[in-house]
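Spelled out, the chains give:
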Amino acid sequence: MNDSQIRGAEIVIKSLVAENARYIFGYPGGAIMPVYDALYDYMDQIQHILTRHEQGAIHAAQGYARVSGQVGVCMATSGPGATNLITGIADALIDSTPLVCITGQVVSPLLGTDAFQETDVVGISMPGTKWNIQVRKVEDIAPAIAKGFHIARSGRPGPVLIDITKDAQIALGEFNYVPCLNIRSYRPYPKVEDHIIEKAAALISQAERPYVLFGQGVILGNAEKALHAFLDKTGIPAACTLLGTGALPESHPNFVGKLGMHGNYGPNLLTNQCDVLIAIGMRFDDRVTGDVKRYAKQAKVIHLELDPAEIDKNVKCELAVLGDCKVSLEKLTEKVEKGNHSEWIMKFRELEAEERRVVVGNDLSPTKVGLTMGEVIRHINEFKADDAILVTDVGQHQMVAWRYFEYKTTRTQVTSGGLGTMGFALPAALGAQLHDYNRQVVCVVGDGGIQMTIQELGTIMQTKAPVKVVLLNNNFLGMVRQWQQLFFDKRYSFTELDNPDFIKIAEAYNFKVQKVDERTDLRQAVAEMFVHEGPYFLEVVVEKEDNVFPMIATGSSVEEVRLS
């Protein structure tokens, strides 16, 4: 044995340390055991978080990545360990979350023999990853990890999977880590063309009713200040997508609300009245467009986008401004004329007042007997810090929390957008909290979603992460029930839940707990939750058959947004 040689398993850990990875979220097993053995000697340089399920590991890595802006790292063994990552991988791809997932694999001679816990995870994960690879030689481990980090974080971020056979982990090799800075034929940042900027600036300056729609691309591109400056100069109204929330403070005079199926009334309705539509770092998801055949047909669309695959995919554009949106926005701001669109913005404000009268008042200050989800969020706003992070699961509570949580800074919204993964919130909240123990992390979850990853209460207990879990319990799969009520004649087919005693479960995991079912107790309970220094579990029993409005039904036009 050459004294300069180390085992492949140690090369894995040293490579992660070289990439300044702070955490590995994972779960050990046979095919990844050599790496876990090597990790034992590096616990002072990188921290491992033992989740209770591999799906919990990848969602925790997602939460960490979304809040920190860094690459999240998760690790699992072969077979079922690797396949348990697939949901999170698909979620990360559609929501552009940078991850490096490392899986163990059976020894090379057994590949293709249906060996114990052998699964073709490279084949399975290929459609859901930005890049994946199987490593069978020790000398290929470090280059694969370096390339994986570069691909995961560059351009439009996404998940990478590196599958390493057990014999490669055990074999001896030299460690010489060289960070990957470029890859032949991989061009993650298209050049911003000045002549396109000139054309876009001219269109925007001539517009009478221009309208900005911004998405998560603004956050991923660190373009928040550039967006702010662009809006300040042009005076154009702006609305955000679900994942773009927080890129612009909601107090900004040009911010007019949120887009999508359960977004705000004006931003949806007036999409079909603008003359120039400026889409920045968003992909025209169907939850935003509704019936795409009736979406903004009157408007000239300018699409600022990093990923060429998104151009004309769903909505045809007049001008495609390819490139880093921070660069594009800065160049556009230089070229556009100073504008004032106060009369146009006033139309949004008038519709906002109507929505407030018909919907918001009933949600936040209800007269009904039962508690509403909205009034819970109202009290959270009363006691939370300005930089508090909201992590939500998927369902009615997600949409209500998104609508009413007061976002004041960027990277404070963490949710599963494109895939809509129930069970996302609890582990993702843990990952978000581990980035900064001093930040408030509020995990708002429904009684359906929490039971998909409820075991991760154990990970929160073990890490002592001070996550504040707010369970909004209506004993229903609420979003599905709403659709059954509105579109299936109230035929509630398998959506009502017989739930366990969540308080006893949370107590068993050493959470400070409280349950509220009376309005008179709610405000004090929320106040006590934020005062408590450790993890807290607050269950609020809410109306069983409350609905979330506004709403655009599937297949409807954005003009058909309904308030009731």
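Remember, it's a predicted structure, so these values are computed and weren't measured experimentally. (Residues numbered from 1 in each chain as written. Predicted model: local features only at pLDDT ≥ 70, side-chain atom pairs only at ≥ 80, totals over all residues. Heavy atoms only, no water.)

### Some points on the pairing of strand β12 (residues 276-280)
For β12, the buried fraction is high: 5 of the 5 residues fall into the buried class. Because side chains alternate across β12, one face comprises the buried residues V276, I278 and I280, and the other comprises L277 and A279, equally buried. In terms of strand pairing, strand β9 (residues 210-214) meets β12 through 5 bridges, oriented parallel. Looking at β12, one finds that L213 is bridged to A279. Pairing of β12 with strand β13 (residues 300-305), which is carried by 5 bridges, proceeds in the parallel orientation. Residue pairing for β13: A279 is matched across the bridge by H303. (Buried < 20%, exposed > 50% of the residue type's maximum accessible area, 1.4 Å probe, protein only. Helix = DSSP H or I, 4+ residues; strand = E, 2+ residues; numbered from the N terminus. Pairing = 2+ DSSP bridges.)

### Some thoughts on the domain arrangement of the chain
In terms of domains, the chain is made up of domain 1 (6-173), domain 2 (194-347) and domain 3 (369-541). Here domain 1 and domain 2 have C-alpha centroids that lie 37 Å from each other. Across the boundary between the two partners, domain 1 contributes 7 residues, which contact 7 residues of domain 2. Where domain 1 abuts domain 2, roughly 620 Å² becomes buried across the two surfaces, and 54% of that area is made up of carbon and sulfur atoms. Counting every contact that joins domain 1 to domain 2 gives 2 salt bridges. When the shortest N-O distance is used, the salt bridge between R156 and D307 registers 2.8 Å. Counting every contact that joins domain 1 to domain 2 gives 3 residue pairs in polar contact (both at pLDDT 80 or more). Across the side of domain 1 that touches domain 2, the residue classes tally to 2 nonpolar, 2 polar and 3 charged. (Domains from an automatic or database assignment. Contact = heavy atoms within 4.5 Å. Buried area = accessible area lost by both parts, 1.4 Å probe. Salt bridge = Lys/Arg side-chain N within 4 Å of Asp/Glu carboxyl O. Polar contact = N/O pair within 3.5 Å; in protein donor to acceptor, adjacent residues only side chain to side chain. Nonpolar A, V, L, I, M, F, W, Y, C, P; charged D, E, K, R; others polar.)

### Quick look at the sheet that holds strand β18 (residues 468-473)
Reading across the sheet, the 6 strands line up as β16-β15-β17-β18-β20-β19 and stay open at both edges, with parallel pairing between neighbours. Of all the strands in the sheet, the pair left with one neighbour each is β16 (413-414) and β19 (512-516). Sheet topology note: the strand β15 (residues 389-392)/strand β17 (residues 441-446) ladder contains 4 bridges and is parallel. Each bridged residue has a counterpart across the sheet, and for V391 the counterpart in β17 is C443.

### Let's talk about the layout of surface pockets
Roughly 500 Å³ of volume is contained in the second largest pocket. The wall of the second largest pocket is formed by 21 residues, among which E250, N264, E352, R403 and Y404 lie closest to the centre. Elements supplying a minimum of two residues to the lining of the second largest pocket: β11 (255-258), α12 (265-269), α15 (342-364), α16 (373-383) and α17 (396-404). Ranked by the residues each element gives to the lining of the second largest pocket, the list is headed by α15, at 7 residues. When grouped by side-chain class, the residues that make up the lining of the second largest pocket number 8 nonpolar, 4 polar and 9 charged. (1 Å grid on protein atoms, 1.4 Å probe; cavity = no way out; pocket = protein on both sides within 12 Å on 5 of 7 lines; lining within 4 Å. Points joined across faces, edges and corners; volume = space filled by probe spheres on them.)

### Side note on the packing of aromatic side chains
The geometry of two aromatic rings is summed up by the distance between their centres and the angle between their planes. Under the defined criterion, the tally for this structure stands at 12 aromatic pairs. An angle of 90° between the planes, with centres 6.5 Å apart, marks the rings of F511 and F537 as edge-to-face. You can see F511 sitting in the loop between α21 (502-508) and β19 and its partner F537 sitting in strand β20 (residues 536-541), a full 26 residues away along the chain. Of the two residues, F511 and F537, neither departs from the other in class, the shared state being buried. These aromatic residues form a ring-pair network of at least three members: Y23, F25 and Y64. The ring of F405 carries the charged tip of K384 above its face, separated from the ring centre by 4.6 Å. The side chain of R481 reaches across the aromatic face of F476, ending 5.8 Å from its centre. (Phe/Tyr/Trp six-rings, centres within 6.5 Å; stacked < 30°, edge-to-face > 60°. Lys NZ or Arg CZ within 6 Å of the ring centre and 35° of its normal.)

### A short note on the sheet that holds β9
Backbone-to-backbone hydrogen bonds join strands into a sheet, with any given pair of strands oriented parallel or antiparallel. Strands sit in the order β11-β10-β9-β12-β13-β14 across an open sheet of 6 strands; the sheet is parallel. Strands with a single pairing partner mark the edges of an open sheet, and in this sheet they are β11 and β14 (319-322). Shown here is a sheet whose adjacent strand axes are inclined to one another by a mean of 20°, direction ignored. Docked against the sheet, helix α9 (residues 194-206) engages β12, β13 and β14, running at close to 130° with respect to β14. (Axes fitted to C-alpha atoms, helices over the stretch in contact; angles between N-to-C directions.)

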